[in-house]
Amino acid sequence: MTKRIGTGASLADFTRRDFLASSALTAALFTAALLLFPAGAKTNGQGPAVTAQSSVSSSSPMPRR
């Protein structure tokens, strides 16, 4: 039976099975990251379309005090 990596275990307790499992999990993590955030994705260069509506009348300026 293989030894499992526990808290505070030394590097000597790291088995081949542990190495293969951690390698497979790392590969799955990077694959998921590439699928979620593709490197070749291009944007159209525009930010969110926000339009401001002015409700203030510009016909007469406010008098200064």
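Residues numbered from 1 in each chain as written. Predicted model: local features only at pLDDT ≥ 70, side-chain atom pairs only at ≥ 80, totals over all residues. Heavy atoms only, no water.

Moving on, we get to the overall build of the chain. For the chain, the count of helices and strands is 1 helix and 0 strands. Looking at the chain as a whole, 2% of its 65 residues qualify as buried. Total accessible area on the chain is roughly 6,900 Å²; 62% of this is exposed by carbon and sulfur atoms. (Helix = DSSP H or I, 4+ residues; strand = E, 2+ residues; numbered from the N terminus. Buried < 20%, exposed > 50% of the residue type's maximum accessible area, 1.4 Å probe, protein only. Areas by Shrake-Rupley, 256 points an atom, 1.4 Å probe, with all protein chains shown as cover.)

Together, Leu11, Phe14, Phe19 and Leu20 give the surface a local cluster of nonpolar side chains, amounting to about 460 Å² of exposed area. Accessibility expressed as a relative area gives 74% for Leu11, which makes it exposed. (Patch = residues over 30% accessible without salt bridge, like charges linked within 9 Å, V, L, I, M, F, W, Y side chains within 5 Å. Salt bridge = Lys/Arg side-chain N within 4 Å of Asp/Glu carboxyl O.)

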